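Chain by chain, the residues run as shown.
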Amino acid sequence: GIISASYHELEEPIDKIETHRPIHGVDLDLPRGVRVTVNRWAKHLDVLIAMRPQRGGQDGHCGNLNFDAKDDTLESISARMSLRVSAQDSLFPVASVDTADVAEKSIADCAPEIRKQAQADCEQRQVSGDGEAASESFIEACIYDACFGGEDFAAQ
């Protein structure tokens, strides 16, 4: 078939902070070599999308796969492309019933006391295992995750 799906318990979650819980997941194999892994939790989903590099390059929410993190900020990506998938590029032919636009949140929408704590926590975590400091975009992503997903979801 064009699409295959399997539901099973996983040994390792997408988000490494979740290893203390049983991990239920769905693996989807989609057209064009796209593989989607979904970890289902009580109040959220973690999703990992893997795909082959596209002929002529590619770009998306996570960057352009040129291994230069400086041009993978939200501002840089927004300047290069729309953050919406066009109908012709969508792997899902039928639009969702809920087509209302959801207001995008920014770090500025985070409650000041939560943002202050998130910034302190994220800056404390900024040094990676190899001793290198994390990029500014990593710190911002960590703060955003803590503000809107809770401290369990701050970038690791």
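All values reported here derive from a predicted model rather than from experimental measurement.

K.L.:
Go over the pairing of strand E4 (residues 45-50) with me, naming the residues and quoting the values.
P.N.:
Taken together, the six bridges between strand E3 (residues 34-40) and E4 define a ladder with antiparallel strand orientation. Along E4, the bridge assignment pairs Arg 40 with Leu 45. The hairpin turn running from E3 into E4, its antiparallel successor, is four residues long.

K.L.:
Give me the state of the cysteines: which residues, what numbers.
P.N.:
Applying the stated criterion across every chain, the model contains two disulfides. Covalently, Cys 110 is tied to Cys 147 through a disulfide, its sulfur atoms 2.0 Å apart. Taking the sign of the torsion about the S-S bond as the criterion, the disulfide between Cys 110 and Cys 147, at about -85°, is left-handed. You can see Cys 110 sitting in the loop between helix H1 (74-80) and helix H2 (112-124) and its partner Cys 147 sitting in helix H3 (residues 136-149), a full 37 residues away along the chain. We note that Cys 110, like Cys 147, is buried. Across the disulfide, Cys 122 is cross-linked to Cys 142 (sulfur-sulfur distance 2.0 Å).

K.L.:
Tell me what's going on with the side chain of Asp 71, and back it up with residues and numbers.
P.N.:
Examined against the element boundaries, Asp 71 turns out to sit in the loop between E4 and H1. Despite being buried, Asp 71 has no salt bridge partner; Arg 80 is the closest side chain of opposite charge, sitting 4.4 Å away. Apart from the residues lying within four places of it in its own chain, the contact partners of Asp 71 are Asn 64, Asn 66, Ser 76, Ile 77 and Arg 80.

K.L.:
Tell me about the sheet that holds E4, and name the residues and values.
P.N.:
Within the open sheet, the four strands sit side by side as E1-E2-E3-E4. Their pairing is antiparallel. The open sheet has two edge strands, strand E1 (4-9) and E4, and neither has a second partner. Each adjacent strand pair in this sheet contributes to an overall mean axis angle of 15°, direction not counted.

K.L.:
Lay out the packing of H2 against H3 with the relevant residues and their values.
P.N.:
Orientation of H2 relative to H3, taken along the N-to-C sense of each, is 135°, at an axis distance of 9 Å. In terms of orientation, H2 lies oblique with respect to H3. Crossing hand, H2 versus H3: right-handed. In this structure, H2 contributes Ile 114, Arg 115, Ala 118, Gln 119, Cys 122 and Glu 123 to the contact, and H3 contributes Ile 139, Cys 142, Ile 143, Ala 146 and Cys 147. In terms of residue class, the contact of H2 with H3 is built from eight nonpolar, one polar and two charged.

Conventions we followed
Residue numbering note: each chain is counted from 1, following its sequence as written. Restriction of local features to residues with pLDDT of at least 70 applies here, the model being predicted, together with a cutoff of 80 or more for giving and counting side-chain atom pairs; totals for whole chains, interfaces and linings are based on all residues. Computation of side-chain values covers all heavy atoms of the structure but excludes hydrogens and water. Strand pairing is assigned whenever DSSP identifies at least 2 bridges connecting the two strands. Here a helix means four or more residues in a row that DSSP labels H or I, a strand means two or more in a row labelled E, and each is numbered from the N terminus. A pair of cysteine sulfur atoms is labelled a disulfide when the two atoms are within 2.5 Å. Per-residue accessibility, obtained with a 1.4 Å probe over protein chains only, is compared with the maximum for each type, and a residue is labelled buried under 20%, exposed over 50%, and partly exposed between these values. Think of it this way: Lys and Arg go in the positive column, Asp and Glu in the negative one, and His and the chain ends go nowhere. Basic side-chain nitrogens of Lys or Arg form a salt bridge, by our definition, when they fall within 4 Å of a carboxyl oxygen of Asp or Glu. By definition, residues are in contact when any of their heavy atoms lie within 4.5 Å. Axis lines are fitted through C-alpha atoms, for helices just across the contact stretch, and the angle between N-to-C directions can take any value from 0 to 180 degrees. Put simply, angles under 35 degrees are roughly parallel, angles over 145 are roughly antiparallel, angles from 65 to 115 are roughly perpendicular, and the rest are oblique. Rotating anticlockwise by less than a right angle from the far helix to the near helix defines a left-handed crossing, while the corresponding clockwise rotation defines a right-handed one. Throughout this entry, Asp, Glu, Lys and Arg are counted as charged residues, while Ala, Val, Leu, Ile, Met, Phe, Trp, Tyr, Cys and Pro are counted as nonpolar. The remaining residues, Gly among them, count as polar.

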